[in-house]
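Commentary on secondary and tertiary structure
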Amino acid sequence: MSTPLPWYASEAALTALEREVAQAAAGPAVSQLQLALAWQLRQRQPARASALLETLNAQPLPPEAAARRLLLSAELALAGGDLAGAQRAGAAALADFAAIGSGIGCADAHALHAVLAYEGGDPQRQLAALREMQIAAGDDIERAVAAAAWQARVLAFADLAGAETAAAAIAAEMPRALPSSARSQVESLHATLAALKGDFGVAVPHSIEAFRLAQDSGQLHASILLACNIAFGFSNIQDYQAALEWSALAQDVAGRLGLRSGRAAALSAAGDCLRRLDRLADARELLQEARGLVAHQPHARGHGTLLLRLGELHLADQQVSDAEACFVELQAHAQAVGNADLLDHAHVGLAAALLEQGRLKEAQGFAQAVVERPRVATTRRIAAFELLAKLHELHPSYPTPSGDTAAATSLRLLMEAHQLARGLADYRVPVSLLDALARAHAKRGEYAQALDFAQQANAARQALHQKASSHRALALGVQRDAQRMQVEAERQRLEAEAQSRRSALLQQANEALERLGAIGRDILAQQDPLAVCECLFTHTQALMAVDCFILYRVQAQERCLQSLFAREAGRPMAPIRRDLDQAGSLAARCARERRQLNGDAMQLLPGTQAMLSAMFTPLMLDDRLLGVLTIQARHKDAYDEREQAMLRSLSAFAAIGLANAQRLEQLRRTQVQTAQQEKLASLGELVVSLAQEVQTPMAVISAGGRGIAELLDQLLQQLPPLLQQLDPVAQGLLAELLERLSASHTSLNIRDERMQRRQLAQALQQAGFSDARQLADVLLPLGAGEPLDQLLPLLRHPQRERILYLARKLALLLSSTANVNAAADRATRVVHALKCYARLEQSQGLQALDLRDSLDTVLTLYQHRFRHGIELCSRFEALPPLHAHAAELHRLWTLLLDAAMQGLRAPGRLEWTLTRDGMHARLTVCSSAAGIDTDLPPAMQKITASHGGNITVERTITQGRKFTVRLPYTRENT
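Residues numbered from 1 in each chain as written. Predicted model: local features only at pLDDT ≥ 70, side-chain atom pairs only at ≥ 80, totals over all residues. Heavy atoms only, no water.

Structural notes on the overall build of the chain
Put simply, the test is: Only DSSP runs of H or I reaching four residues or more are called helices, and only runs of E reaching two or more are called strands; each is numbered from the N terminus. Should any heavy atoms of two residues lie within 4.5 Å, those residues are counted as being in contact. The accessible surface values rely on the Shrake-Rupley method and a 1.4 Å probe; as for residues, cover is taken only from the protein chains in view.
Counting its regular elements, the chain contains 36 helices and 14 strands. Here the analysis covers contacts within the chain between residues at least 6 apart in sequence; of these, 65% occur between residues at least 24 apart. For the chain, the accessible area works out to roughly 47300 Å², and carbon and sulfur atoms hold 53% of it.

So this is what it looks like as structure tokens:
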């Protein structure tokens, strides 16, 4: 759009825009003008704005205009109470404005998000949205100033000093010519600051000016709250006639716009005024109605204000326990949303309620906290002083802070309150304070002062326009009574029509109940909780109107209800949780009271449809609560006695079905857990086995590698110089010796080694060597025993010692290399076995399995168990593949190995034999451990049975034990 739209336009600008739309010709320009008009009518005339939006939805618009159209739909959704729809459309509009770089559009979208945050009771999110609005507004004075003033007003409830600083900065920079929408925000800021300080004589004029500007600029939602604030201000300066008039005006505006939150605020203001006029019954009715309007927004500021009004009403009606409960809830609300003003109200109310109950120390603590807290509204501090004075007046024996008498302390506190009250502009000193001062002076014998304050109290009473205000309150009461009579008449008419339909419906119920027997059998046949729910849902749809179906299951440990099965309009819903002590939840109440409940106008969950009829019934088995079932419909009066009786019967079947399904589910979990524990135990043993199997080869490789490196270094240093000193004949003899050394792999036992050493020593002695025995010890490990004649020249060579030294080193080198190779081969076999084991463990279902490979894998992984004098013998025939679960057979072989190794000591023997026995594969394991009488583990029997086989064990005292496993070949195996 070429020219940015004003945020809010004045009445004069709106009139000019209306004229321009009427005179415009057809074409794209008309669409732009219609969009501008609909934007300015969004709060003035939302129905007309919606009609214009429908027209615009059918027309193509430029990107910025299309984004504005989307934002307009969000504003209208907010006006209609659809907060979730407003949030979605507002977020989409913000994204579109950001994509095209429209700062003004982004600012307006952030303003919408600030309102949504206020409605949701989230001041931090509201402040964040307003900061973004101010940044996006840029040079747009209307939006920038409005955002700054709005921010300061929100901040004031948590940080009054910071808000005053921000207000001063705004006043210093604010231009003279400012649109009425922004001036309304600035006036509202000044009114809020004055009200929070208790200066209602200053706050009311600012609020009235802000209301006038808001009305002129089309900010009707804000004007409702401003009218309520004006009514509250007049009540605080004891002008109840004006307060009632302003609350009536707020109700009128909210009623025309259909704003629930606005009506609630107006009713709250009127209820507060009626309470002050001692019309407690009327006040209670108004406040309860207002609370019902905002029950869906527990964190909104309006909810906190209503708690304050209800608490004050309970105090006035001497219902101190109810008052205390309201103020405790208000304290929690104020702390949650960070509202210091409401927290002060809560503490004053708690002090009053506790004082009435005789809980003096607690009452004094809350009142003293308000007195000592910085930046507390003056009216709240006055009330706290009055409460402290009342405490010492009613309870003279209660200790005083300064050690004075109770009368002196009470008088001092009252005088401080009186001094504060006289310092407020246009504020009438409360009659209660003047009466208390008269009593306090009289108790001290100061009768002149007592008379003076008593006369002031009488004058204050006469100054109050109670008679006119009472007439106005009476008129409002009569009007409400007439409305109630109309509603009651309509209700009776509808009830009479419903009664005429009741007989026919009961007949239908009797026919439907005959179907319940078959339905019950169908439900009880299900073995899975979700299958039970699906079956119940299907049958319930056939019997009655079901737009929403939710079955909650009790979570006893978390003390909550968790949805097990939830459908709305036939589609699955997101998981729903309800705490058992959750206030306002019919599901939680049904669980607590364990009885069937009916409801209407259900609390709307985000993303769900509005339901106007509902039934809640507990799922009971004996005295045990299993859950809660709710059936809901979009239209009113969907369920009567017929549906209620049917639902009770269905819930009984559902409870039994769920209990049975839960038992089966628990049994399955137990079986899975047991199998998992056994598998983990087997895995732990396998890890230990692998550690032992891999550790030894790695140690050999590590040590051998270092030794080989050292020997090579020595050989490379000493061999070349030696070869240079030898003649060709000696070099040839040395080469022959080294060749014998590399070809010598024979390992001798001790007896043969002694014989060869003796023969070699004799031959060397005959050859004339005096050190024949020592020389034989050197030559024998080198494989140089036979034939000796060829080596005699080398042995007589002057470099004999160096030649034999190098030969010994080379022998060590070859031996180390052989050891490293053997260790590497051993580690390779273990790793290969582990890979086969892991691959088969991860496989799912039946597969063709080579039993030899499966057995070799397990025996290789547990090879360390066969050392220390235990001999393993295995003989496996080549058999056809067997269709089996590989992981289960691995576990069977491991368990079988454990059983066979029990009691087996060195020297011992273990024989594994795999053969074909007709249509079976037979594995026989013989252990030499004798006399051990152990039962087979159940897991072994279970695995073999699951494969259609069996396992047996034979025991003898002399021959040990013999295990036999027989596994059949199925048709697939064959």
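Some details on the confidence of the model for the chain
This is how the line gets drawn: The pLDDT value tells you how sure the predictor is about a given residue, anywhere from 0 up to 100.
Averaged over every residue, the pLDDT of the chain is 80; the share at 70 or more is 78%. pLDDT under 50 marks residues 467-483. Its contacts with residues more than four places away, or in other chains, come to 17 contacts.

Focus: the nonpolar core
Note the following rule: The set of buried Ala, Val, Leu, Ile, Met, Phe, Trp, Tyr and Cys residues whose side-chain atoms join them within 4.5 Å is what this entry labels a nonpolar core. Relative accessibility under 20% of the residue-type maximum defines a buried residue, over 50% an exposed one, and the middle range a partly exposed one, all with a 1.4 Å probe and only protein chains included.
Counting 49 residues, the largest nonpolar core has Leu315, Phe327, Leu330, Leu414 and Leu433 as the members making the most contacts within it. Listed by contribution, the elements that provide at least two residues to this core are α16 (301-316), α17 (320-337), α18 (340-356), α19 (360-372), α20 (378-394), α21 (406-422), α22 (431-443) and α23 (447-463). Residue contributions to this core peak at 10 residues, all from α18. Apart from the residues within four sequence positions on either side, Leu330 is in contact with Gly304, Leu307, Leu308, Leu342, His345 and Ala346.

Looking at the packing of α17 against α18
The line we're drawing: Orientation is described by axes fitted as lines to C-alpha atoms, over the contacting stretch for helices, and by angles from 0 to 180 degrees between their N-to-C directions. Comment on the angle field: the value is read as roughly parallel under 35 degrees, roughly antiparallel over 145, roughly perpendicular from 65 to 115, and oblique elsewhere. Handedness of each helix crossing follows the sense of rotation of the near helix against the far helix: counterclockwise by less than a right angle gives left-handed, clockwise gives right-handed.
Remark: α17 packs on α18, axes separated minimally by 8 Å, with the N-to-C direction vectors making an angle of 155°. Our classification of the angle between α17 and α18 gives roughly antiparallel. The way α17 lies across α18 gives a crossing that is left-handed. Along its contact with α17, which presents Val320, Ala323, Glu324, Phe327, Val328, Leu330, Gln331, His333, Ala334 and Gln335, the element α18 presents Leu342, Leu343, His345, Ala346, His347, Gly349, Leu350, Ala353, Leu354 and Glu356.

Focus: the packing of aromatic side chains
Definition in use: Whether two aromatic rings pair depends on their centres lying within 6.5 Å, for rings of Phe, Tyr and Trp, where Trp uses its six-membered ring; planes under 30 degrees apart make the pair stacked, over 60 edge-to-face, and the rest tilted. Put simply, a charge is over a ring when the Lys NZ or the Arg CZ is close to the ring centre, within 6 Å, and near the line of the ring normal, within 35 degrees.
Enumeration according to the criterion identifies seven aromatic pairs in this entry. A ring pair is formed by Phe549 and Phe565, whose centres lie 5.8 Å apart and whose planes are at 85°; its orientation type is edge-to-face. Pair noted here: Phe549 is in strand β1 (residues 548-555) and Phe565 is in strand β2 (residues 560-568), with a separation of 16 residues, a long-range link. Each of the two residues, Phe549 as well as Phe565, counts as buried. An aromatic cluster is built from Trp7, Tyr8 and Trp150, whose rings are joined through pairwise contacts. The ring of Trp39 carries the charged tip of Arg68 above its face, separated from the ring centre by 4.5 Å.

Some words on the side chain of Gln364
Tracing the sequence through the fold places Gln364 in helix α19. In this view, Gln364 contacts Leu388, Leu391, Tyr398 and Pro401; residues no more than four positions away in its chain are not counted.

Details of the environment of Leu936
If you trace the backbone, Leu936 turns up in the loop between β12 (920-927) and α36 (938-946). Remark: the alpha-carbon pair of Leu936 and Leu896, spanning 40 residues in sequence, is separated by 8.8 Å. Not counting the four nearest positions on each side in its chain, Leu936 is found in contact with Gln941, Ile951, Val953 and Phe963.

Quick look at the pattern of salt bridges
This is how it is decided: Salt bridge, as applied in this entry: a Lys or Arg side-chain nitrogen positioned within 4 Å of an Asp or Glu carboxyl oxygen.
Going through the model one piece at a time under the given rule, you end up with 38 salt bridges. Glu558 is paired through a salt bridge with Arg577; the nearest N and O atoms lie 2.9 Å apart. Of this pair, Glu558 sits in the loop between β1 and β2 while Arg577 sits in strand β4 (residues 577-579), and the two are 19 residues apart along the sequence. On the basis of relative accessibility, which here comes to 41%, the residue Arg577 falls in the partly exposed class. The residue Arg922 makes a salt bridge to Asp917 at a minimum N-O spacing of 3.8 Å. The network of salt bridges with shared partners includes Asp272, Arg275, Arg276, Arg309 and Glu312.

Considering helix α3 (residues 46-57)
Count 3.6 residues to each turn of an α-helix, and residues three or four apart come out pointing the same way. Short version of the rule: One less than the residue count of a helix, multiplied by 1.5 Å, gives the span that helix is expected to have. This arc is taken over the directions from the axis of the helix to the C-beta atoms.
Look at α3: 16 Å from first C-alpha to last across 12 residues, which is about the 16 Å you get at 1.5 Å a residue. If you check which residues of α3 are buried, you get Ala49, Leu52, Leu53 and Leu56. Burial along α3 is one-sided: seen end-on, the buried residues are contained in an arc of 105°. Away from the buried face of α3 by more than 90 degrees, exposed residues Ala47 and Glu54 are located.

Things to note about unusual backbone geometry
Phi is positive for Arg559, close to 50°, though the residue is something other than glycine. With respect to the helices, strands and loops of the structure, Arg559 is situated in the loop between β1 and β2. Of note in this structure, Asp622 is not a glycine but carries a positive phi near 60°. Among the secondary structure elements, Asp622 is positioned in the loop between β6 (613-621) and β7 (624-633).

Quick look at the layout of surface pockets
Quick note on the threshold: In this analysis the probe radius is 1.4 Å and the grid spacing 1 Å, with only protein atoms considered; a cavity is a set of points the probe fits into but cannot get out of, a pocket is an open set with protein on both sides within 12 Å along at least five of seven lines, and lining residues have an atom within 4 Å of a point. Grid points are joined across faces, edges and corners, and a volume is the space filled by probe spheres set on the points. Following the grouping adopted for this structure description, the nonpolar residues are Ala, Val, Leu, Ile, Met, Phe, Trp, Tyr, Cys and Pro, the charged ones are Asp, Glu, Lys and Arg, and the polar ones are all others, Gly among them.
Its volume calculated, the second largest pocket comes out at about 1600 Å³. Arg275, Ala383, Glu386, Pro430 and Ser432 are the residues nearest the centre of the second largest pocket, which is lined by 43 residues in total. Sort the elements by how many residues they give to the lining of the second largest pocket and α20 lands first, with 10 residues. Here the lining of the second largest pocket is composed, by residue class, of 20 nonpolar, 10 polar and 13 charged.

Remarks on the packing of helix α12 (residues 220-236) against helix α14 (residues 260-276)
When two helices pack together, their arrangement is given by the angle between the helix axes and by the axis-to-axis distance. In the contact formed by α12 and α14, the axes pass within 9 Å of each other and the chain directions differ by 10°. Relative to α14, the element α12 is oriented roughly parallel. Side by side, α12 and α14 meet where Ile224, Leu225, Cys228, Ala231, Phe232, Ser235 and Asn236 of the first sit next to Gly262, Ala265, Ala266, Ala269, Asp272, Cys273 and Arg276 of the second. Here the residues of the contact of α12 with α14 are counted per class, giving nine nonpolar, three polar and two charged.

Some details on the pairing of strand β11 (residues 908-917)
The side chains of a regular strand alternate, residue by residue, between the two faces of the sheet. To keep things clear, this is the line we draw: In this scheme, strands are said to pair when DSSP sees at least two bridges between them.
Here strand β9 (residues 870-876) pairs with β11 via seven bridges, running parallel. Considered in β11, the bridge of Phe876 is made with Leu914. Direction of pairing for β11 relative to β12: antiparallel, over a ladder of eight bridges. Along β12, the bridge assignment pairs Leu910 with Ser927. In sequence, β11 turns back onto β12 through a hairpin of two residues, with Gly918 there showing a positive phi of about 65°.

Quick look at the environment of Leu561
Position of Leu561 among the secondary structure elements: in strand β2. Placed 67 residues apart in sequence, Leu561 and Val628 show a C-alpha to C-alpha distance of 7.9 Å. Leave out the neighbours within four places in its chain, and Leu561 touches Tyr552, Arg553, Val554, Ile576, Arg577, Arg578, Leu580, Ala587, Ala588, Ala591 and Val628.

Examining α21
Its 17 residues place the ends of α21 24 Å apart at the C-alpha level, agreeing with the 24 Å of an ideal helix rising 1.5 Å per residue. Among the residues making up α21, those that are buried are Ala406, Thr409, Ser410, Leu411, Leu413, Leu414, Ala417, His418 and Ala421.

Here we look at the pairing of β1
Counting buried residues in β1 gives six out of eight residues, a clear majority hidden from the surface. Note: β1 against β2, eight bridges, orientation antiparallel. When the sheet's bridge partners are listed, Arg553 is paired in β2 with Gln562. Counting the residues between successive antiparallel strands, the hairpin from β1 to β2 contains four residues, one of them, Arg559, with a positive phi of roughly 50°.

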